[in-house]
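Letter by letter, the chains look like this.
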Amino acid sequence: MANSVAQLDTTIEIVTPENIAFDYRVAGPFRRFPAYLMDLAIRFGILGLLWGGLSLLAGIGGGPIAIAIGLVAMFVLEWFYGGVFETYMNGQTPGKRAMGIRVLTVDGQPINGLQAVLRNILRTVDLYPMLSLEMFGLPAPAYILPTFMVGLVTMAMNRRFQRTGDLVCGTMVVIEERYWLTGVVKLEDERAAQLAEYVPPDFRVSRSLARSLATYVERRRFLTPARRREVARHLAEPLLDQLGMRRDTSHDLLLCALYYRTFVADRVVDTLPPGLRGDSPFGTAAGS
């Protein structure tokens, strides 16, 4: 039985001090590295445009000033690009936003400015060990080619895929939920409508429950049957007692039935025959 409740993917559960649980999908290196490359390209693009403008300044006799401005710009972009964006864009840089990921604390809270800046400064540690250009035939041993081995090994050794900066700052990178699915989902299983008739007519779906039902039903087609059972169980088990239904009622089918009752069926249900609050004929075998 212990294996049945084990996580089946990279989802982690965060419980707040108010005893409210939230699920997050942590972002692995194959999702974070493209975001890093995008941000790196943006930084090089900014530097390229800046040096192009500074070359004009140097051409009219402002060479020392142009060099000073360029060096300061390189320093700021190298050490504070990520920290500033993550501070003022709620844990995202342009690259992270494009890849749909965000930095949060390990408690699921937004990060502060200190965490944002420090985790980006400590990225230098994750770049080691460095390779020298000498291996390509250049005479000077310039160690400027990162291997990212420290970061990869560190991420592989913890469940949240935290690199060195994340471990020090108490942060993690999660996949941002995007609500691209709109409209009412068509439920192909007719049993959902049948089970909806067994929901007591005076049961009222709260706004938070309606949002949870919509999110689950919209995404369930992307989930495996095992993952459906795992996700639906947390929301459906308390509802079984409220609805007076049998404990072996399929959790997945119950959520689909409540979705049908909330978003598809007529909102005003005043002609249901008595006795429909009792046992549901839909046991576990009926669910997927």
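Residues numbered from 1 in each chain as written. Predicted model: local features only at pLDDT ≥ 70, side-chain atom pairs only at ≥ 80, totals over all residues. Heavy atoms only, no water.

**What about the overall build of the protein chain?**
For the protein chain, the count of helices and strands is 11 helices and six strands. Intrachain contacts of the protein chain at a sequence separation of at least 6 include 65% that bridge at least 24 residues. Accessible surface for the protein chain amounts to roughly 16,900 Å². Of this, 63% is attributable to carbon and sulfur atoms. (Helix = DSSP H or I, 4+ residues; strand = E, 2+ residues; numbered from the N terminus. Contact = heavy atoms within 4.5 Å. Areas by Shrake-Rupley, 256 points an atom, 1.4 Å probe, with all protein chains shown as cover.)

**A look at the layout of surface pockets**
In this structure, the second largest pocket spans a volume of roughly 750 Å³. Lining of the second largest pocket is provided by 32 residues; of these, Phe 33, Tyr 36, Arg 123, Leu 127 and Phe 148 occupy positions nearest its centre. Within the residue set of the lining of the second largest pocket, elements represented by two or more residues are α1 (29–59), α2 (63–88), α4 (113–121), α5 (123–126) and α6 (149–156). The element best represented in the lining of the second largest pocket is α1, accounting for 10 residues. Here the lining of the second largest pocket is composed, by residue class, of 18 nonpolar, five polar and nine charged. (1 Å grid on protein atoms, 1.4 Å probe; cavity = no way out; pocket = protein on both sides within 12 Å on 5 of 7 lines; lining within 4 Å. Points joined across faces, edges and corners; volume = space filled by probe spheres on them. Nonpolar A, V, L, I, M, F, W, Y, C, P; charged D, E, K, R; others polar.)

**Observations concerning α6**
Within the span of α6, buried status applies to Gly 151, Thr 154 and Met 155. Taken around the axis of α6, the buried residues stretch over an arc of 95 degrees, which confines them to a single face. Its buried side turned inward, α6 meets α1, α5 and α7 (164–169). (Buried < 20%, exposed > 50% of the residue type's maximum accessible area, 1.4 Å probe, protein only. Arc of directions from axis to C-beta.)

**Quick notes on α4**
Turning to α4, its buried residues number three or more, namely Gln 115, Ala 116, Arg 119 and Asn 120. Projected down its long axis, α4 carries its buried residues within an arc of 120 degrees, all on one side. The N-cap residue of α4 is Asn 112: its side-chain oxygen and the backbone nitrogen of Leu 114 are 3.2 Å apart. (Polar contact = N/O pair within 3.5 Å; in protein donor to acceptor, adjacent residues only side chain to side chain.)

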